[in-house]
Amino acid sequence: GILSIQANGKLVLKQGWERRTPHIVLNEMRDSWGPELDIHNLFCIDDRIKFSLESRWEHVEVGWRFTSSPEDSMFDDDGDELVFDDEEYQLREQIFTENYTNWVSEKSGMGEFG
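Residues numbered from 1 in each chain as written. Predicted model: local features only at pLDDT ≥ 70, side-chain atom pairs only at ≥ 80, totals over all residues. Heavy atoms only, no water.

### Some details on the packing of aromatic side chains
- Enumeration over the complete set of coordinates arrives at four aromatic pairs.
- Linked through ring pairs, Trp57, Phe66 and Phe84 together constitute an aromatic cluster. (Phe/Tyr/Trp six-rings, centres within 6.5 Å; stacked < 30°, edge-to-face > 60°.)

Okay, structure coming up:
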């Protein structure tokens, strides 16, 4: 998980939480609420979260790459690991959209003819 509960009941981010961030959150950061996009903090995302994600994740041509820091022990000498492939995400998004569109069409009694 990303969160842990302290003895006093307070929720805090676990150490290494950045590594567990889902693909969709990274895409939303890139497209909507990243530090350079949401300068007035309309999405109410704490700057520490924005800057921490931006410093640990890099969007490259084919997807999202997690960059290591000296305390990370799970990386090779390169220090970087491609974690999320955009092509796979786009395929999942397309399948979801098609399934949802079909479901809505069935529920509303509308069919697509063509």
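### A few points about the side chain of His23
- Looking at the secondary structure, you find His23 in helix 1 (residues 23–33).
- The exposure class assigned to His23 is buried, which follows from its relative accessible area of 10%.
- Every residue in contact with His23, bar those within four places of it in the chain, is listed here: Trp64, Phe84, Asp85, Asp86 and Tyr89. (Helix = DSSP H or I, 4+ residues; strand = E, 2+ residues; numbered from the N terminus. Buried < 20%, exposed > 50% of the residue type's maximum accessible area, 1.4 Å probe, protein only. Contact = heavy atoms within 4.5 Å.)

### Details of the pairing of strand 3 (residues 57–60)
- In this sheet, strand 4 (residues 63–67) lies alongside strand 3 in antiparallel orientation, the contact comprising four bridges. When the sheet's bridge partners are listed, Trp57 is paired in strand 4 with Phe66.
- In this antiparallel pair of consecutive strands, strand 3 and strand 4, the connection spans two residues. (Pairing = 2+ DSSP bridges.)

### Details of a nonpolar patch on the surface
- On the surface, Leu3, Ile5, Leu11 and Leu13 cluster together into a nonpolar patch covering about 400 Å² of accessible area.
- Assignment of secondary structure puts Ile5 in strand 1 (residues 3–5).
- Overall, the relative accessible area of 63% leaves Ile5 in the exposed class. (Patch = residues over 30% accessible without salt bridge, like charges linked within 9 Å, V, L, I, M, F, W, Y side chains within 5 Å. Areas by Shrake-Rupley, 256 points an atom, 1.4 Å probe, with all protein chains shown as cover. Salt bridge = Lys/Arg side-chain N within 4 Å of Asp/Glu carboxyl O.)

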